[in-house]
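Okay, here's what each chain looks like letter by letter:
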Amino acid sequence: MWLDRLWQGVIDTFLMVGVSSLIALILGIPLAVILVTSGKGGIFEAPNVNRVLGAFVNIFRSVPFLILMVALIPFTRLIVGTTYGVWAAVVPLTIAATPFFARIAEVSLREVDHGLIEAAQAMGCRRWHIVWHVLLPEALPGIVGGFTITLVTMINSSAMAGAIGAGGLGDIAYRYGYQRFDTQVMLTVIVLLVVLVAVIQLGGDRLALRLNKR
Amino acid sequence: MNATVQRSLPLEEPTPHSAAQARLHPEKANAHVRFSQLGKVYEGQQGPVTALQGIDLDIERGEVFGIIGRSGAGKSSLIRTINRLEQPSSGQVLIDQVDIAAFNEDKLVELRRRIGMIFQHFNLMSAKTVWKNVELPLKVAGVPKEQRKRKVAELLELVGLQDKHDAYPAQLSGGQKQRVGIARALVHDPEILLCDEATSALDPETTQSILGLLREINQRLGLTIILITHEMAVIREICDRVVVLERGRIVEQGPVWQVFGDPQHEVSKTLLAPLQHALPEDLQTRLQAQPSDKHASIVLDLQFTGSDGNEPDLSALFSAFGGRVSLLHGGVERIQGRALGHLLLAVSHSPLSVEELLTRARKQAQHAKVLGYVA
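Counting restarts for each chain, with residues numbered from 1 along the sequence as it is written. Written order determines the labels here, with chains lettered from A and ligands numbered from 1. Under the rules for a predicted model, residues below a pLDDT of 70 receive no local features and side-chain atom pairs below 80 are neither given nor counted, while totals for whole chains, interfaces and linings still include all residues. Hydrogens and water are ignored here; the side-chain numbers use all heavy atoms of the structure.

### Topic: the overall build of chain B
Right, so step 1: Under the scheme used here, helices are H or I runs from DSSP no shorter than 4 residues and strands are E runs no shorter than 2 residues, and both carry numbers assigned from the N terminus. Within chain B one finds 14 helices and 14 strands.
Right, so step 2: Taken along its principal axes, the extent of the C-alpha atoms in chain B is 80 × 50 × 45 Å.
Right, so step 3: Think of it in three bands: with a 1.4 Å probe and only protein chains considered, a residue is buried below 20% of the maximum accessible area for its type, exposed above 50%, and partly exposed in between. For chain B, the proportion of its 375 residues judged to be buried stands at 49%.
Right, so step 4: For chain B, the exposed area adds up to about 17,400 Å²; of that, 48% sits on carbon and sulfur atoms. Note that accessible areas follow from Shrake-Rupley with a 1.4 Å probe, and for residues the cover is restricted to the protein chains shown.

### Section: the sheet that holds strand 14 (residues 367-374) of chain B
Residues and elements named next belong to chain B.
Right, so step 1: Two strands pair under a simple rule: DSSP has to find at least two bridges between them. The four strands lie next to each other as 12-13-11-14, forming an open sheet whose pairing is antiparallel. Two strands bound the open sheet, and with one partner strand each, they are strand 12 (324-335) and strand 14. Across the sheet, the axes of successive neighbouring strands diverge by a mean angle of 15°, strand direction being ignored.
Right, so step 2: Bridging between strand 11 (residues 297-304) and strand 14 involves seven bridges; their strand directions are antiparallel. Each bridged residue has a counterpart across the sheet, and for L300 the counterpart in strand 14 is V370.
Right, so step 3: It only takes one pair of heavy atoms within 4.5 Å for two residues to be counted as in contact. Between the N-to-C directions of two axes lies an angle of 0 to 180 degrees, each axis being a line fitted to C-alpha atoms and, for a helix, fitted only over the stretch in contact. The sheet contacts of helix 13 (residues 314-321) involve strand 11, strand 12 and strand 13 (338-348), and relative to strand 13 the element is tilted by about 25°.

### Topic: the confidence of the model for chain A
Right, so step 1: For chain A, the mean per-residue pLDDT works out to 92, and 100% of the residues sit at or above 70.
Right, so step 2: Here helix 8 (residues 169-179) of chain A is the element of chain A with the lowest mean pLDDT, 82, and helix 6 (residues 114-122) of chain A is the one with the highest, 97. Note: pLDDT gives the predictor's confidence per residue, expressed from 0 to 100.

### Here we look at the nonpolar core
Right, so step 1: Buried Ala, Val, Leu, Ile, Met, Phe, Trp, Tyr and Cys residues form a nonpolar core when they are joined through side-chain atoms within 4.5 Å. Within the largest apolar cluster, 52 residues are counted, with the highest numbers of intra-cluster contacts made by L156(B), I182(B), L193(B), L214(B) and L227(B).
Right, so step 2: Apart from the residues within four sequence positions on either side, L227(B) is in contact with V64(B), F65(B), G66(B), I67(B), I79(B), C195(B), V234(B), I235(B), I238(B) and C239(B).

### Here's the deal with the packing of helix 5 (residues 130-140) of chain B against helix 7 (residues 174-186) of chain B
All names here are of chain B.
Right, so step 1: Where helix 5 meets helix 7, the axes come as close as 7 Å, and the angle between the chain directions of the two elements is 25°. By the angle class used here, helix 5 and helix 7 are roughly parallel. Note on packing geometry: the crossing formed by helix 5 with helix 7 is right-handed. From helix 5, V130, N133, V134 and P137 reach across to helix 7, where they touch V180, A183 and R184.
Right, so step 2: Under the scheme applied, nonpolar residues are Ala, Val, Leu, Ile, Met, Phe, Trp, Tyr, Cys and Pro; charged residues are Asp, Glu, Lys and Arg; polar residues are all the others, including Gly. Grouping the amino acids of the contact of helix 5 with helix 7 by side-chain chemistry returns five nonpolar, one polar and one charged. Roughly parallel here means an angle under 35 degrees, roughly antiparallel means over 145, roughly perpendicular means 65 to 115, and every remaining angle is called oblique. In this scheme the crossing of two helices becomes right-handed for a clockwise turn of the near helix relative to the far one and left-handed for an anticlockwise turn of less than a right angle.

### Topic: the pairing of strand 13 of chain B
Residue and element names in this part refer to chain B.
Right, so step 1: Taking burial as the measure, the 11 residues of strand 13 include 11 buried ones, the bulk of the element.
Right, so step 2: Residues of strand 13 alternate between two faces, with R338, L340, H342, L344, A346 and S348 on one and A339, G341, L343, L345 and V347 on the opposite face, all of them buried.
Right, so step 3: Here strand 11 pairs with strand 13 via seven bridges, running antiparallel. When the bridges of strand 13 are listed, F304 appears paired with G341.
Right, so step 4: Examined bridge by bridge, strand 12 and strand 13 share 11 bridges and lie antiparallel to one another.

### Some points on the sheet that holds strand 7 (residues 192-196) of chain B
All names here are of chain B.
Right, so step 1: The strand order 6-7-8-3-9-10 describes an open sheet built from six strands, whose pairing is mixed. Where the open sheet ends on each side, the last strands, each with one partner, are strand 6 (115-119) and strand 10 (249-255). The average undirected angle you get between the axes of adjacent strands in this sheet is 15°.
Right, so step 2: Of the pairings in the sheet, the one linking strand 9 (residues 241-246) to strand 10 comprises six bridges and is antiparallel in character. Looking at the pairing, L245 lines up with I250 of strand 10.

### Structural notes on the interface of chain B and chain A
Right, so step 1: Every contact between the two is made by 25 residues of chain B and, on the other side, 20 residues of chain A.
Right, so step 2: Of the roughly 2,100 Å² buried between chain B and chain A on both sides combined, carbon and sulfur atoms contribute 58%.
Right, so step 3: Contact with chain A buries surface across chain B, with M125(B), S126(B) and V140(B) losing the most and accounting together for 24% of the total.
Right, so step 4: Every case where a carboxyl oxygen of Asp or Glu lies within 4 Å of a side-chain nitrogen of Lys or Arg is listed as a salt bridge. Connecting chain B to chain A are three salt bridges.
Right, so step 5: Taking the shortest distance from any N to any O, the salt bridge between E105(B) and R127(A) comes out at 3.9 Å.
Right, so step 6: Polar contact criterion, stated in full: a pair of N or O atoms within 3.5 Å, where within protein one must be able to donate a hydrogen and the other to accept it, and residues adjacent in sequence count only if both atoms are side-chain atoms. Along the contact surface separating chain B from chain A lie eight residue pairs in polar contact (both at pLDDT 80 or more).
Right, so step 7: Mapped by element, the contributors of at least two residues to the side of chain B that touches chain A are helix 4 (105-112), strand 6 and helix 5 of chain B.
Right, so step 8: Grouping the constituent residues of the side of chain B that touches chain A by class yields 13 nonpolar, four polar and eight charged. Summed over both partners, the accessible area lost on bringing two parts together, with a 1.4 Å probe, is the buried area.

Structure below.
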């Protein structure tokens, strides 16, 4: 009986983390590119855009996830029609993950040697070519590493979301482990989470290493 | 091609319209790159910093042109105004008589494809193979795949890296990386190649091979090479003409043999010092300002600047002195077919006065002076 629930919890966690991280990946990379290239001396220099976006990212990054989740309840209801369940959790998770990942990706993009950008300009690259053929490929190992960290952080946050009714492993640990003092379930969930995080971290590290040709 | 062939002809027999003649009559030449009253001011933290001022300079088609100066002299800024990686604050850069200041992104991209550039730290894409690095400029220009393939293979062969197609830059030596840089810079068949301290990160042997490659490219493809360096040896090795830059101004310019044989400005002399035969220390300590007795040898420093186009005539020199002459130190080297250098001679038992010795020495050497006496 509880094994079925456990299985459901794993699937829910995967769903929440997977969907929100995927959206964070799709939105976060362009956000990071804009943050880097619109800065002073960047190839698309636009100080005002840079300031506004930077402030936005900082605001969402500084609100603790639990508070962000509660504060976003009206917005979540507007988007998915409910504040309960896996899909309701995806909204705050995505909103937390996107700026988080964007900042990490931004650091990797910023670390791309300015000489490479200069070389690309000298060879007749347009600005979009520089983003596509230079900035992104050169920063890719760092971006993969950053996405790994984002995934692990989102597993962490999804457990928090579970505690207020989103489902997933966090929900199971909370209900069985905390409310019913069922140590067996609690331990199983912990082991599952440790394994999950370890697998993601290992996979991410391997991939980043393989992509790194430096 | 023409310019190259003609450039290798002796200076004495200029053919019409040759680069050599253009050099003799600069007012007739249509400069490939012309700087006109160029200035560059940076906004520094402690107010504006002047990097370049009042630069007037013509660079001819097909020549290897050197820009030398100490670090911070403005070399980097100057070379970067040619492909507008650097925007001048005042004055003009004309390429084939066209002012590039007003170019929009399209025209700028077009211009940059006519100008290749190589860098001190190579600036290769670490995530791309050698092949992809060289292919990149063609790819972004929308060149069809088959054509790209042909061109990249051709250039990797030119630089001698046909067996490194799939290597990543991190797997290459410094010299190989610069060869990739050169292949990448030449992939659009540019008419100008800019070299930004291209050999400064390389060991002497690799430097020689890269300079050799650049010279070969200049002669085979006839492109104009403009290089900046802080090493006089690089200038001596491949340049036709040189300017010496100091605090953003041109302080000396001319054919390389001239600047090497007879540097006028203090900065040029300082930069040349490592290449010159300084007085050896043991001689320095023995040297006296006055002769100790009548048999003391006079130490003469004869400088040959190559301006007469002849090699030092030793027999004429020795018989003119009419005494015992020993060679203490020195030597000549050949730059652009001219012999130049210093000879330190000790003359004793000569019946001639010091003034007479110097007068006779000056018939052979362009400069002569007495350094002192040794017993």
